[in-house]
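# Tertiary structure, described
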Amino acid sequence: MKNFSLMRISIWVYLALFFSYLLGPLVIMSVTAFNSPGFPRAAPWECLTFEWFSALFQDERILNGIKNSILVGVGTVTLSVSMGLAGALMLTQIWPKLRATYYTIIIAPILIPGVVIGISTLVFWDRVNRMFGLDADSFLSNGLFLTIIGQSTFIASYCMLVLVARLQRYDTGLTEAALDLGATHAQAFRKVLLPFMRPAIASAAVLAFLASFENYNTTTFTFGEYPTLTIELAQKVRYGITPAISALAFIIVLLTVFAALFNEAHIRRKELVAAARKSATVEELGSGNFRLPGFLSSNTAAVVLVVVAMMTIAVVGSATVYSPQQCIADVKEQKRMETEVRIQELRQRRADEAARRAAEQADQAEQEPAVEAAPKPSNNSGFGGVFAPGALQDDGADASEEEPEKPGNDSGFGSVFDPNALQSE
Amino acid sequence: MSAGVGVNLEDLWIKFGDFVAVREANVNINGGDFFSFLGPSGCGKTTILRAVSGFLEPSQGNVLIGGNNMKGIGPNKRPTALIFQNLALFPLMKVWENITFSMEIKGASAKERRKRADELLDMIALTGQGDKLPAELSGGQKQRVAIARALCAEPDVLLLDEPLSALDLKLRQHMRSELREIQKRVGITFIYITHDQGEALTMSDNIAVMRAGVIDQIGDGKTIYNDPMTPFAASFVGENNVFRGRVKQVSGNEVMVTTNRSGDLMARVANGTEGRLKEGDEAMLFIRPEAFSLAPVGTQGDHFVTAQVTKEEFEGNTFNIFMEGDGGKEIKVALPNLGQSFESHQGEAMTLEYQVRNAVALPAGVLATE
Ligand SMILES: Nc1ncnc2c1ncn2[C@@H]1O[C@H](COP(=O)(O)OP(=O)(O)OP(=O)(O)O)[C@@H](O)[C@H]1O
Ligand SMILES: [Mg+2]
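Residues numbered from 1 in each chain as written. Chains lettered and ligands numbered in written order. Predicted model: local features only at pLDDT ≥ 70, side-chain atom pairs only at ≥ 80, totals over all residues. Heavy atoms only, no water.

### What to know about the site of ligand 1
Residues and elements named next belong to chain B.
- The immediate surroundings of ligand 1 are formed by Phe 16, Phe 19, Ala 21, Ser 41, Gly 42, Cys 43, Gly 44, Lys 45, Thr 46, Thr 47, Gln 85 and Glu 162.
- Here Ser 41 contributes a side-chain N or O atom positioned 2.5 Å from an oxygen atom of ligand 1.
- The contact in question runs from an oxygen atom of ligand 1 to an N or O atom on the side chain of Thr 47, over 2.5 Å.
- Breaking the shell around ligand 1 down by element, the ones donating at least two residues are strand S2 (19-29) and helix H1 (45-53).
- The leading source of residues in the shell around ligand 1 is H1, at 3 residues.
- Among the residues forming the shell around ligand 1, the class breakdown is 4 nonpolar, 6 polar and 2 charged. (Near = heavy atom within 4 Å. Polar contact = N/O pair within 3.5 Å; in protein donor to acceptor, adjacent residues only side chain to side chain. Helix = DSSP H or I, 4+ residues; strand = E, 2+ residues; numbered from the N terminus. Nonpolar A, V, L, I, M, F, W, Y, C, P; charged D, E, K, R; others polar.)

### Side note on the sheet that holds strand S13 (residues 263-269) of chain B
- One closed barrel holds the 5 strands; their spatial order is S11-S12-S13-S20-S14 (chain B), and the pairing between them is mixed. Going from strand to strand, the sheet's axes swing by 55 degrees on average, the running direction of each strand aside. (Pairing = 2+ DSSP bridges. Axes fitted to C-alpha atoms, helices over the stretch in contact; angles between N-to-C directions.)

### What about the confidence of the model for chain A?
- Per-chain confidence: chain A averages 77 in pLDDT, with 77% of residues scoring 70 or above.
- Within the model, the stretch residues 282-293 of chain A combines pLDDT values under 50 with 8 contacts to residues more than four positions away or in other chains. (pLDDT = per-residue confidence, 0-100. Contact = heavy atoms within 4.5 Å.)

### Describing helix H7 (residues 172-180) of chain A
- The buried fraction of H7(A) amounts to 7 of the 9 residues, a majority that puts the element mostly inside the structure.
- Turning to H7(A), its buried residues are A:Gly173, A:Leu174, A:Glu176, A:Ala177, A:Ala178, A:Leu179 and A:Asp180.
- Residues of H7(A) that are buried make contact with helix H8 (185-214) of chain A together with H1, strand S6 (80-83), helix H3 (101-105) and helix H5 (139-152) of chain B.
- One side-chain oxygen at the N-terminal end of H7(A) lies 2.8 Å from the backbone nitrogen of A:Gly173; it belongs to A:Asp171.
- Just past H7(A), the residue A:Gly182 takes up positive phi, approximately 105 degrees. (Buried < 20%, exposed > 50% of the residue type's maximum accessible area, 1.4 Å probe, protein only.)

### Focus on the packing of helix H4 (residues 96-111) of chain A against helix H6 (residues 143-167) of chain A
Residues and elements named next belong to chain A.
- Running from N to C, H4 and H6 cross one another at 125 degrees; their axes reach a closest spacing of 7 Å. Comparing their axes, H6 and H4 come out oblique. Crossing geometry of H4 relative to H6 is assigned as left-handed. For the pair H4 and H6, the contacting residues are Tyr 103, Ile 106, Ile 107, Pro 109 and Ile 110 in the first and Thr 153, Phe 154, Ser 157, Tyr 158, Met 160 and Leu 161 in the second.
- Here the residues of the contact of H4 with H6 sort into 9 nonpolar, 2 polar and no charged. (Parallel < 35°, antiparallel > 145°, perpendicular 65-115°, else oblique. Left-handed = near helix turned anticlockwise from the far one by under 90°.)

### A look at the sheet that holds S6(B)
All names here are of chain B.
- Read from one edge to the other, the open sheet built from 6 strands follows the order S6-S7-S8-S3-S9-S10, with strand pairing classed as mixed. The strands lining the two open edges of the sheet, one partner per strand, are S6 and strand S10 (214-219). Averaged over all adjacent pairs, the angle separating strand axes in this sheet is 15 degrees, with direction ignored.
- Note: strand S9 (residues 206-211) against S10, 5 bridges, orientation antiparallel. Note that in S10 the partner of Ile 207 across the bridge is Gly 219.
- Against the sheet, H1 makes contact with strand S3 (34-38), S6, strand S7 (157-161), strand S8 (189-194), S9 and S10, and its axis sits at roughly 155 degrees relative to S7, the strand it touches most.
- Seen against the sheet, H5 touches S6 and S7 and runs at an angle of roughly 170 degrees to S6.

### Observations regarding the domain arrangement of chain B
- Per the domain assignment, the segments of chain B are domain 1 (7-226) and domain 2 (239-363).
- Measuring from the centre of the C-alpha atoms in domain 1 of chain B to the corresponding centre in domain 2 of chain B gives 39 Å. (Domains from an automatic or database assignment.)

### Description of the pattern of salt bridges
- Counting across every chain of the model gives 26 salt bridges over all chains.
- The shortest N-O distance in the salt bridge between A:Lys236 and A:Asp59 comes to 2.9 Å. Remark: A:Asp59 occurs in the loop between helix H2 (51-58) and helix H3 (60-93) and A:Lys236 occurs in helix H10 (residues 229-238); sequence separation between them is 177 residues.
- By sharing partners, the salt bridges in this structure join A:Lys191, B:Glu104 and B:Arg113 into a single network. (Salt bridge = Lys/Arg side-chain N within 4 Å of Asp/Glu carboxyl O.)

### Focus on the packing of H3(A) against H4(A)
Residue and element names in this part refer to chain A.
- The geometry of H3 relative to H4 is characterised by a closest axis approach of 9 Å and an angle of 155 degrees between their N-to-C directions. One way to sum up the angle between H3 and H4 is to call them roughly antiparallel. Across from Gly 87, Met 90, Leu 91 and Thr 92 in H3, the residues of H4 making contact are Arg 99, Tyr 102 and Tyr 103.
- Along the lines of polarity and charge, the residues of the contact of H3 with H4 split into 4 nonpolar, 2 polar and 1 charged.

Laid out in C-alpha cells, this is it:
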C-alpha cells in the first residue's frame, strides 16, 4: 500500500518535472515579453509593459521576415501538396513490383540533411541558370524561388506520407461508380476523389506550412534577397536579443495553442453532431424531443478555448488603456535612489579608506599582512552588485546617472575587489 | 413500354495473364429481360459484368449493346449502369446528391436534380430521406439508393453485381420481389449476378449457369431446373441426388444405367442432350429429393432404390430422410408433410420409388462442390 502511494507520488513528481522541462522555457520566455527591462528576463519583475510588442511591430526586419516566411510558406504549401498528391496517386496506382523502389526514392529527401538539400538546390539551380545563359539576378536564382523549391523537395515527401495514408482507405470502386454514371476522369477526380482527400490535404497543408515556417538549415543557403523570419531571428540573436523576440515567441505560442484548441473543439463538435445524427436515425428524427447536446458540455477543449480567447481579449483590452510609464518612472526613481545610496556608501568607504591609509602610513611598515588577513568573501555580498537591479539597467538609459558611479570603473561588479568592502559589512 | 436494348456476348474470352477467367462465352440477352448469371464464387461473373460495363477490355470477342459493338468505348460512354457488389455509394454526398450524380455531371441545376431525386426517392419508398448521408441508412435503404442512383442515369441496361449478398435473409427476400417489380416498371434490361440459385430462379426470365469461366447452360429457370444439360448445372441449381454408373441400354428418350450401388435404374434424357449418351458410356443419373416417394421395403425394379437410413430430420414443410449413397454422399429424400405420421426408420433399410420422367441421365462430368 505504501509502495503504491510512493509510486504515485513519484509519478506525479516525474510528470511535474517533465512538463516543467517541456513548458518551462516557454513560460519564462512569455513572461519576459511583458517585463520592462531591456534584456529578456523574468526574475526581478519590474513593470508590466507592452512596449516590446510595439517594438516588435516596428521592427522592419522582423516584419519583412514574417512577410517572406508567409510568401515562402504559401508557395511551399502549394507546390508540395500538389507534388505530394501526385506522388501519392502514383504510389497507389503504380505497378506493384516497382512500388517499394518508388516509395524509397520518394521518401529519401526526408532522410537527407537539410543542409545538403540547401547546398544542392543552390548548386543545381545555379548550373541550370548558367546553362540557359542567364545572369545572376534571373528568376532561377531568385531567393524566393530557390527557397520554395528547396523546401518543397523534402516537405513534399511529408505531404505524400500524409496523403498516402488517406488514399489507402479510398475505395477505387467509387471512381469506377462515377465513371459508370457518365463522369469523365477529370470529373470523377474532382467530385469524388478530391472531396474524400480534403481532410488529408488540409493536414498536409498545415504540416507543410509549419515545416516551411520553421525551416532554417535549408533556407539559410537559398534565401538570397528574401530572408525569412528564422533567418532574421538568427541574425538578430547574433547581435544580442531584446524582449521583442520574446513577444514574437509569445504570439506564436498563443497562436499555436489557439489553433490546436480550435481544431480540437471543432473535431469534438463534429463527433457530437455525428453521434446525435446517428442516434436520431434510430430514435426517429422527427420525434421533436431531439436536441443537439450543448456545444460546451463535455467539451473541455472548447471551454479552454473560450477561456483563452477571453483572456486574450482582456489582455489586449487592458493593454490599450494601461500605461506603464508611471511604473517605469517609479522604478527609475527607485533605482536612482538606490544608486545614490550606493554612491554615498562608496564615498563613505573611500573616505574611511583614505583616512585609514593615512593612519597606516603614519603607523609605518609592520602591519602589511592586513590585506591578506581579510576573511574570504562572506557569500552575501560576494558577488557584489551583479544581480542588483540597477547594475545593468543604466547602461544606455541615463548616462548622467552613471557618471557618479564612474570613479571605480568596475561598477558592474560593485566593489568586490576592493579589499575594504568586506569590512564595511 | 419499349422492347428494351439487348446485349450480346460473341465468343468472349477474358484472360488475366495466363489465367482464363472467361472462356468462349456466347450469350444473347433480349431487350427488357431480367437475365441472371448464376455460378459459384470466383467463376468469372463479375469479370463478365465488367466487360459489359466497359471497365475491362475483352481479350477476344465482342460485347454488343443494342447491336452496337462496344469495342473501345469507355464505361462513361456506354448505356449501362452498374450496381457494385459493395454498392459504392459516395460517402460524402447526401442521398439526393448520390442519386442525381449522373445529372450533376451533365450540368443539371440543383433544383432540377432535387426534383428528380424526390421522384426517385418516392419510387424506392425513401420519401423525405434525401438529406441523410449514406452512412445513416440501413443496408436495405442503401441498396435502394444504389438502385435509384443507377436508374437516374437512365441506362438501357442495368447491371447488378450480387447486390443482395450483404443483406440478411428476410430483407433479401423482400428486395428480390422489389427488384423484380422495379424491373417490370422501368422495362429496361437487367443483368443480374448471383451465386444464389434461389435468387436466380425466382427473379429471372433467363439464367446462364457458369462454372469456372465457362457457361454451361442458358435457359429459363424451369428448363434449367428440370432439364439440366450438365452434371454441374444439375447439382448446382437446386438440390439433387447423383447416382454414378454406366449406360446399359438406350431406348429412344430413355436410358437404363447400371449404377454402382443401386442396380439398374431408368432415367430420361434431358431436353437438348439427346443422342449424347451411348451404350457403355459413363453416366450420371440425377433425382431430386422431392421426386421420391416411399415404397414397400425390398421392392425390386428399375425405378426403385433401396438403402440404409442414416439420419432423419423434420423440417416443417418436409420430412427429410438421408440414406447411404454413392461415393460417400448421402441420398436426400424430402417427403412433403401432409399430416401423415412419420415413423423413424433410423438404421433400417428403406425402399424409394420415383417416376422415370423425374430422373435425368447425363454424360458423367464435374459436379458442383457445395
Ligand atoms: N484483375 C484480376 N487479375 C487477375 N485475376 C483476376 C482479376 N480479376 C479477377 N480475377 C480472377 O478471375 C476469376 C473470376 O473472378 P470474378 O471476380 O469474376 O469472380 P466472381 O464470379 O464475380 O466471384 P464472386 O462471386 O466471389 O464475386 C477469379 O479466379 C479471380 O481470381
Ligand atoms: Mg463478383
